[in-house]
Amino acid sequence: MYSKLFQLHSKLLKSLAHSKRLEILQLIREHSLTVGQIQEMLDLPQANLSQHLQILRESGVVKTKRNGKHIYYSIGHRNFIKASDLFREILIENNNDEISDVAFKKMTDLVPLTQDPVCKMRISPKAASFVHKIKGHEYYFCGSGCLKKFKLNTKIYINTIKK
């Protein structure tokens, strides 16, 4: 019995064992997104993104719902978010020296909501995939694609935020 459970556990962890799949999990933690939205936020080729989503779907980490022409991806079970947050807390505590650019000590220190300056997604610093500091101000991003766009057009986004 335990042998089978360990095999299933291993298979699940393998499906999560990629930084882009973990990033996808963070993007859809609070609401459903289409493939196009995820693709833009991660700046991934669609074929690559489709492979990641298929692996997550097969393991039950994500589920899909069709609405017209669009397929929306959401978290397969709310405990995946809890597990991800727990792993993140352990990593932060155990690797504080290596991730010194992160301005917090515990995940519970990060409760307020903010907005990704590029896609305008409401995210909490706790759920943000990336943080970028400019002149003492922190900007939080839902995915690597938004961070990349911000870095290419920083002045435009900062001016938009100030208005």
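Preceding this section is the structure that the text describes.
Below you will find a few notes about this structure.

Definitions and limits used
- Residues numbered from 1 in each chain as written.
- Predicted model: local features only at pLDDT ≥ 70, side-chain atom pairs only at ≥ 80, totals over all residues.
- Heavy atoms only, no water.
- Salt bridge = Lys/Arg side-chain N within 4 Å of Asp/Glu carboxyl O.
- Helix = DSSP H or I, 4+ residues; strand = E, 2+ residues; numbered from the N terminus.
- Buried < 20%, exposed > 50% of the residue type's maximum accessible area, 1.4 Å probe, protein only.
- Axes fitted to C-alpha atoms, helices over the stretch in contact; angles between N-to-C directions.
- Parallel < 35°, antiparallel > 145°, perpendicular 65-115°, else oblique.
- Left-handed = near helix turned anticlockwise from the far one by under 90°.
- Contact = heavy atoms within 4.5 Å.
- Nonpolar A, V, L, I, M, F, W, Y, C, P; charged D, E, K, R; others polar.
- Core = buried A, V, L, I, M, F, W, Y, C linked by side-chain atoms within 4.5 Å.

Focus: the pattern of salt bridges
Summed over the entire model, instances satisfying the criterion amount to five salt bridges. A salt bridge links Arg 29 to Asp 85; the nearest nitrogen and oxygen atoms lie 2.8 Å apart. Separated by 56 residues along the polypeptide, Arg 29 in the loop between helix H2 (19-27) and strand E1 (33-34) and Asp 85 in helix H5 (residues 79-94) bring together distant segments of the chain. Judged by relative accessible area, Arg 29 falls into the buried class, the value being 17%. Relative accessible area serves as the criterion here: at 8%, Asp 85 is assigned to the buried category. Salt-bridge contacts for Lys 148 lead to Asp 43; the nearest nitrogen and oxygen are separated by 2.8 Å. Residue Lys 148 is found in helix H6 (residues 144-152), and its partner Asp 43 is found in the loop between helix H3 (35-42) and helix H4 (46-58); the two are separated by 105 residues along the sequence. Among the residues examined, Lys 148 registers a relative accessible area of 46% and is labelled partly exposed.

Focus: the packing of H2 against H3
For the pair H2 and H3, the least separation of the axes is 11 Å and the interaxial angle reads 120 degrees. Relative to H3, the element H2 is oriented oblique. Both H2 and H3 take part in a crossing whose hand is right-handed. On H3, the residues touching Lys 20, Glu 23, Ile 24 and Leu 27 of H2 are Ile 38, Met 41 and Leu 42. Residue composition of the contact of H2 with H3, grouped by class: five nonpolar, no polar and two charged.

Examining the side chain of Gln 26
Along the chain, Gln 26 turns up in helix H2. Residue Gln 26 is classed as buried on the basis of its relative accessible area of 8%. The residues contacting Gln 26, other than those within four sequence positions of it, are Ser 84, Arg 88, Ala 127 and Ser 129.

Remarks on the nonpolar core
In terms of nonpolar packing, the biggest core is built from 34 residues, with Ile 24, Ile 38, Leu 49 and Phe 150 touching the most fellow members. Mapped onto this core, the elements with two or more residues apiece are H2, H3, H4, strand E3 (70-75), H5, strand E7 (137-141), H6 and helix H7 (154-162). In terms of residue count, H3 provides more of this core than any other element does, four residues in total. Beyond its immediate stretch of four places on either side in the chain, Leu 49 contacts Ile 24, Val 35, Ile 38, Gln 39, Leu 42 and Leu 44.

Focus: unusual backbone geometry
The phi torsion at Asp 43 lies on the positive side, around 55 degrees, for a residue other than glycine. You will see that Lys 120, though not glycine, has its phi angle at about 70 degrees, which is positive. Residue position: Lys 120 is located in the loop between strand E4 (114-115) and strand E5 (122-123). For Lys 120, a relative accessible area of 37% translates into the label partly exposed.

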